[in-house]
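# Structural characterization, general
These are the residues of each chain, in order.
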Amino acid sequence: MTLNNNGFTLNDGTELPFVGLGTIGINGDQGTFEILNAFNIGHRLIDTSTNYDNEGIVGEAVRRSALPREEILISTKLPGAYHEYDKAFIFIQESLRRTGLKYFDKYLIHWPNPKDGKYVEAWKALVDAQKQGLIRTIGVSNFEPDHLDDIIEATGVTPATNQVERHPYFNNNRMVEENKKRGILTESWSPFGRGYLNDVLKNNTIKEIADKYDKSPAQIILNWNYQADVFSIPKSSNPVHQKDNFNSTNFELAPEDIERIDSLDKGEAGRVEGQDPNEYHEYV
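Parameters and conventions
Residue numbers here run from 1 along each chain, matching the order of that chain's written sequence. In keeping with the predicted nature of the model, local features appear solely for residues at pLDDT of at least 70, side-chain atom pairs appear and are counted solely at 80 or more, and the whole-chain, interface and lining totals rest on all residues. In computing side-chain properties, one takes all heavy atoms of the structure into account and sets aside hydrogens as well as water. UniProt positions are given in the numbering used here, feature names are shortened, and annotations may be inferred rather than shown by experiment. Each helix is a run of H or I in the DSSP string that is no shorter than four residues. Each strand is a run of E no shorter than two, and both are numbered from the N terminus. This radius of gyration counts C-alpha atoms alone. The globule rule is 2.2 Å times how many residues there are, raised to the power 0.38. A simple rule labels every residue: compare its accessible area, found with a 1.4 Å probe on the protein chains alone, to the largest value its type can have, and call it buried under 20%, exposed over 50%, or partly exposed in between. Computed with the Shrake-Rupley method and a 1.4 Å probe, the accessible areas treat only the protein chains shown as cover for residues. Positive: Lys, Arg. Negative: Asp, Glu. His and the chain ends are not part of the count. To locate a charge, the coordinates of NZ of Lys, CZ of Arg, CG of Asp or CD of Glu are taken. Should DSSP find at least two bridges between two strands, the strands are regarded as paired. Residues count as neighbours in contact if any of their non-hydrogen atoms are within 4.5 Å of one another. As a rule, the C-alpha atoms of each element are fitted with a line to give its axis, helices using only the stretch in contact, and angles between N-to-C directions run from 0 to 180 degrees. Buried residues of nine kinds, namely Ala, Val, Leu, Ile, Met, Phe, Trp, Tyr and Cys, make up a nonpolar core once their side-chain atoms join them within 4.5 Å. Any Lys or Arg side-chain nitrogen found within 4 Å of a carboxyl oxygen on Asp or Glu counts as a salt bridge. Consider the strands pointing away from the viewer: the crossover is right-handed when the path from the first strand over the helix to the second runs clockwise. If an angle is under 35 degrees, it is roughly parallel; if it is over 145, roughly antiparallel; if it lies from 65 to 115, roughly perpendicular; otherwise it is oblique. For this scheme, ten residues count as nonpolar: Ala, Val, Leu, Ile, Met, Phe, Trp, Tyr, Cys and Pro. Four count as charged, namely Asp, Glu, Lys and Arg, and the remainder, Gly too, count as polar.

An unreviewed UniProt entry lists the chain under the name Aldo/keto reductase, with Cytobacillus stercorigallinarum given as the organism. Turning to the chain, the UniProt annotation filed under Sequence similarities (unreviewed entry) states: "Belongs to the aldo/keto reductase family."

## Description of the overall build of the chain
Secondary structure assignment for the chain yields 10 helices and 11 strands. For 284 residues, the compact-globule estimate of 2.2 N^0.38 gives 19 Å, and the C-alpha radius of gyration of the chain, at 18 Å, lies within 12% of that figure. For the C-alpha atoms alone, the extent of the chain along its principal axes is close to 55 × 45 × 35 Å. The burial tally for the chain puts 56% of its 284 residues in the buried class. For the chain, the accessible surface area stands at approximately 11900 Å², while carbon and sulfur atoms represent 47% of it. Averaging the locations of the 30 positively and 43 negatively charged side chains of the chain gives two centres separated by 3 Å.

## Digging into the environment of Glu94
As for its position among the elements, Glu94 is in helix H3 (residues 85-99). Residue Glu94 is classed as partly exposed on the basis of its relative accessible area of 43%. In the structure, Glu94 is positioned 31 residues away from Ala125 in sequence and 14 Å away in space, judged by C-alpha atoms.

## Digging into the sheet that holds strand E8 (residues 135-141)
Taking strand neighbours across the sheet as the criterion, the eight strands line up as E4-E5-E6-E7-E8-E9-E10-E11 in an open arrangement whose pairing is parallel. In the strand order of this sheet, the two ends are held by strand E4 (21-22) and strand E11 (230-232), each with one partner. Bridge analysis of strand E7 (residues 104-109) against E8 gives five bridges, and the strand direction is parallel. Within E8, the residue paired with Lys106 across the bridge is Thr137. Along the sheet face, H3 touches strand E6 (73-78), E7 and E8 and points at about 135° away from the line of E7.

## Concerning the nonpolar core
Core analysis: the largest hydrophobic core is formed by 40 residues, its most contacted members being Ile35, Ile74, Tyr107, Trp123, Leu126 and Ile135. Among the elements of the structure, helix H1 (28-41), helix H2 (55-64), E6, H3, E7, helix H4 (119-131), E8 and helix H5 (145-155) are those that each provide at least two residues to this core. Counting residues per element, this core draws most heavily on H4, which supplies seven residues. Not counting residues within four places of it along the chain, the set of residues in contact with Ile135 comprises Ile92, Phe104, Lys106, Tyr107, Leu126, Ala129 and Gln130.

## Remarks on the pattern of salt bridges
This model, assessed by the stated rule, comprises 19 salt bridges. Between Glu187 and Lys106 there is a salt bridge, and its shortest N-O distance comes to 2.8 Å. One end of the pair, Glu187, is in strand E10 (residues 185-189); the other, Lys106, is in strand E7, with 81 residues separating them in the sequence. Exposure remark for Glu187: the relative accessible area of 0% places this residue in the buried category. A salt bridge links Glu208 to Arg260, with the nearest nitrogen and oxygen atoms 2.7 Å apart. Highlighted residues: Glu208 in helix H7 (residues 204-213) and Arg260 in helix H10 (residues 255-262), separated in sequence by 52 residues. Through salt bridges with shared partners, a single network forms among Asp149, Glu178, Lys181 and Arg182.

## Let's talk about the pairing of E8
Where burial is concerned, most of E8 is hidden: six out of the seven residues are buried. A crossover links E7 with its parallel partner E8, the connecting element being H4, and its sense is right-handed. Bridging between E8 and strand E9 (residues 161-165) involves two bridges; their strand directions are parallel. Looking across to E9, one finds that Ser141 is bridged to Gln163.

## A look at the pairing of E10
Strand residues, when the strand is regular, have side chains that alternate between the two faces of the sheet. Of all five residues making up E10, five are buried, and the element is well covered by its neighbours. Going residue by residue along E10, you find Leu185, Glu187 and Trp189 tucked away on one face and Thr186 and Ser188 tucked away on the opposite face as well. Pairing geometry for E9 and E10, over five bridges, is parallel. Of the residues in E10, the one forming a bridge with Thr161 is Leu185. Crossover E9 to E10 through helix H6 (residues 173-181) is right-handed. Summarising the sheet, E10 and E11 pair through three bridges and their orientation is parallel. Opposite Ser188, over in E11, you have Ser232 as the bridge partner.

## Focus: the packing of helix H8 (residues 217-227) against H10
Contact pair H8 / H10: the axes reach a minimum separation of 11 Å and the direction vectors enclose 105°. The pairing of H8 with H10 is recorded here as roughly perpendicular in orientation. Note on element contacts: H10 touches H8 through Ile258, Ile261 and Asp262, opposite Ile220, Trp224 and Gln227. Within the contact of H8 with H10, the residues separate by chemical class into four nonpolar, one polar and one charged.

As structure tokens, then:
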């Protein structure tokens, strides 16, 4: 993984922008318009999931957009119930039919579900789907170091990205470094935490730093990720917030401000829903 003037270059040569758009909670016809607005602002990567119940409207936004398909990056995920090789391979095809797309630009295994021990099978399905042109770049989500090493050893293929929980109350710097060791780009899900569970965007330290740079708290957090070589996928349906998020990498935080944000970390207690990837299992 390397950082360039336009974004991130992954270990397989794929290029990602500095910031993507998360879509959890963006649904229905209104959601289509919200994604189209994001395209108009400049967003090019849209992160969805079958579990978000919105793959259809994401595909519709792609079709309605005036942008060439090759300029849009659509990322989605494999649910935990489909880790067996055959199920995973068929599910990818079904997911493509739901979106109406011919290929996904990026596809992830959502959770390792380690007690089931089938994530290697799921990874083999993604590797083969990529070979057949169904997916451009493949990665994982919420994988710990041993999970990463298992799939790399079994296939010889290293994930391009690993999407993990990362926000100021759970900075997960350990996994950022583990991913870097393997040449994997870290993605941050819920970079602002989750408003109904914590107050990251209202934190006084974040607000003080935002005032110093004349930026929004959200822009400070996204820039904190960017300067750590972390790709963020903040969710927003608000046009103003979408624009702020898109324009969050055009300034530089001082080292002491990065340290202040890092100091907000609460360790395991900071996870938004206590989802330890070694224990949490997803079956939907």
